[in-house]
Amino acid sequence: MNDVVVRALRDDEFRAAHTLFRAALHAGPATDEQWERVRGVYQPGRALGAFDEHLIGTARSTDAELVVPGGTRLPMAAVTGVGVRADRTRRGVLTALMRHQLTEFAERGVTAAVLYATEGVIYGRFGYGIASRMRDCTVYRERARLRPGVPEGGEVELLTVDEAERRLPDVYARIPLRPGMMTRTERWWPGMFSHLRQSEGNVVTVVHHGTDGPDGFAVYRVDRDSGMSGTMNVIDLHYADASAFAGLWRFLLSVDLVGEITVRNRGLDEPLELLFTDPRACETRTVADESWLRLVDVEAALTARTWHGEPVVLEVTDPVLENNTGRYRVGPDGVERTDSAPDACLDVDALSMVYAGGWRPSALVAAGRIGAADTVTAERLDELTRTRYAPWCGTFF
Ligand SMILES: CC(=O)SCCNC(=O)CCNC(=O)[C@H](O)C(C)(C)COP(=O)(O)OP(=O)(O)OC[C@H]1O[C@@H](n2cnc3c(N)ncnc32)[C@H](O)[C@@H]1OP(=O)(O)O
């Protein structure tokens, strides 16, 4: 690759970067009105451009916080907007962008970077691994009878899109975040509402009210062709507890002129089918990777989460951020760098996969992604990383 320079973009270059990114996804430029709505997602200083004589590639991030097992929130970079001009791909432009971005994250004290990937082959080489998985489900409304014992839930209130734009950030902020979830900042919401406003059809938001006030919400649109019954597409759904979960589903199932309800990008352990007398009223259509995690500061990230069982010495290799390479003694009593012989050896992408509990380390041992001496070590690793919940991000960016 000859003479490609990567640098932070000036604010007046954001729109060109947005146009480049959209073109990489085969979309035309944003209209002036669309740009006005989404320009706020560009955080000054956090958008990069790669240049030869032109802007040929871009990647950006926004600051947020990531919740890790045990509940600690880590400084996180939400990476998105990655694209390279079609006539400049496969000559190292993304590699230059990723190296620049990760180095800058490390210098700035970011502990973890997270992204959603368009393709599975792109990001592993930069140390990202699949941290969480998600499923898409269809609920067949006729068959979806709620079991006795499902919580009643509270009242729901219908909001216009304008009201939702004002109120949803506060409702989300009241919801306890599980491991893998992130804060939604004022940089995230404009993208969401720009998407909703561009959406064809009537986007509906409902807020659920529990005993202590708003504790959940759902955003949906019903697509109805010529027939009487349409398909409800649930675009966003979050809740604080089992009562709000059940209350929101009671409402969604009560909406008239709906035959099927599709919910996308849900956590794998969300017990939706368990609400119904016929669990097959909820059909899982696909399971796919959700968030990709990259531990930027391995020692800080390891220190931040809770661990179980006996300490284990991990030998971590990081080909991009070489300060991370080394041995760490990891256990419930703490984390320290060590010279002791390792129990297991792994690259930073594999560490990122098991970090939040989305994969059992023994599965990565079986796949040759973690080198461990024997099955006893693999079992110790499984115990070490045990988590109560399957990690789930639930916030697309
Ligand atoms: C978080 C997000 O924003 S996800 C959105 C990602 N963007 C897109 O999918 C838009 C369309 N695609 C693109 O713009 C580009 O193809 C990108 C950004 C995916 C890759 O950019 P490039 O500049 O071509 O990547 P670069 O040349 O640095 O590739 C590095 C390596 O990854 C490989 N690679 C990169 N992208 C791909 C891909 N899509 N498929 C297969 N291999 C790939 C390259 O072959 C290369 O491998 P090598 O070192 O063994 O030769």
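Residues numbered from 1 in each chain as written. Predicted model: local features only at pLDDT ≥ 70, side-chain atom pairs only at ≥ 80, totals over all residues. Heavy atoms only, no water.

## Points about the site of the ligand
Link 1 in the chain: Close to the ligand lie 23 residues; Arg 90, Gly 92, Thr 95, Thr 118 and Glu 119 are nearest.
Link 2 in the chain: Backbone polar atom of Val 84 to an oxygen atom of the ligand: 2.8 Å apart, as the coordinates give it.
Link 3 in the chain: Taken by itself the ligand offers 960 Å² of open surface, and the protein chains cover 76% of this.
Link 4 in the chain: Of all the secondary-structure elements, those providing two or more residues to the shell around the ligand are strand S4 (73-84) and helix H3 (93-108).
Link 5 in the chain: Looking at which element gives the most residues to the shell around the ligand, the answer is S4, with six residues.
Link 6 in the chain: Here the shell around the ligand is composed, by residue class, of 12 nonpolar, seven polar and four charged. (Near = heavy atom within 4 Å. Polar contact = N/O pair within 3.5 Å; in protein donor to acceptor, adjacent residues only side chain to side chain. Areas by Shrake-Rupley, 256 points an atom, 1.4 Å probe, with all protein chains shown as cover. Helix = DSSP H or I, 4+ residues; strand = E, 2+ residues; numbered from the N terminus. Nonpolar A, V, L, I, M, F, W, Y, C, P; charged D, E, K, R; others polar.)

## Overview of the nonpolar core
Link 1 in the chain: By size, the foremost hydrophobic cluster in this structure holds 58 residues, and its most contacted members are Leu 302, Leu 314, Leu 351 and Tyr 355.
Link 2 in the chain: Per-element tally for this core: the top contributor is helix H8 (residues 348-355), with six residues.
Link 3 in the chain: Setting aside its immediate chain neighbours within four residues, Tyr 355 contacts Val 68, Pro 69, Leu 74, Leu 293, Leu 295, Ala 301, Leu 302, Ala 304, Arg 305 and Trp 307. (Core = buried A, V, L, I, M, F, W, Y, C linked by side-chain atoms within 4.5 Å. Buried < 20%, exposed > 50% of the residue type's maximum accessible area, 1.4 Å probe, protein only. Contact = heavy atoms within 4.5 Å.)

## Focus on the layout of surface pockets
Link 1 in the chain: The volume enclosed by the second largest pocket comes to roughly 370 Å³.
Link 2 in the chain: In terms of lining, the second largest pocket is formed by 17 residues, of which the most central are Arg 178, Tyr 239, Ala 240, Tyr 389 and Trp 392.
Link 3 in the chain: Elements that contribute at least two residues to the lining of the second largest pocket include exactly strand S11 (230-239), helix H6 (242-254) and strand S12 (258-267).
Link 4 in the chain: Classifying every residue of the lining of the second largest pocket gives 10 nonpolar, two polar and five charged. (1 Å grid on protein atoms, 1.4 Å probe; cavity = no way out; pocket = protein on both sides within 12 Å on 5 of 7 lines; lining within 4 Å. Points joined across faces, edges and corners; volume = space filled by probe spheres on them.)

## What about the sheet that holds strand S5 (residues 112-115)?
Strand pairing in a sheet takes place through backbone hydrogen bonds and is either antiparallel or parallel in direction.
Link 1 in the chain: Overall, mixed pairing links the seven strands, which are arranged S1-S2-S3-S4-S5-S14-S6 in an open sheet. The open sheet has two edge strands, strand S1 (5-8) and strand S6 (129-130), and neither has a second partner.
Link 2 in the chain: Taken together, the five bridges between strand S2 (residues 47-51) and strand S3 (residues 55-67) define a ladder with antiparallel strand orientation. Counted as the bridge partner of Gly 49 is Thr 58 from S3.
Link 3 in the chain: The strands touched by helix H1 (residues 14-24) within the sheet are S2, S3 and S4, with S3 carrying the most contacts at an inclination of about 95°.
Link 4 in the chain: The strands touched by H8 are S4, S6 and strand S14 (292-295); relative to S14, the strand with the most contacts, the crossing angle is about 120°. (Pairing = 2+ DSSP bridges. Axes fitted to C-alpha atoms, helices over the stretch in contact; angles between N-to-C directions.)

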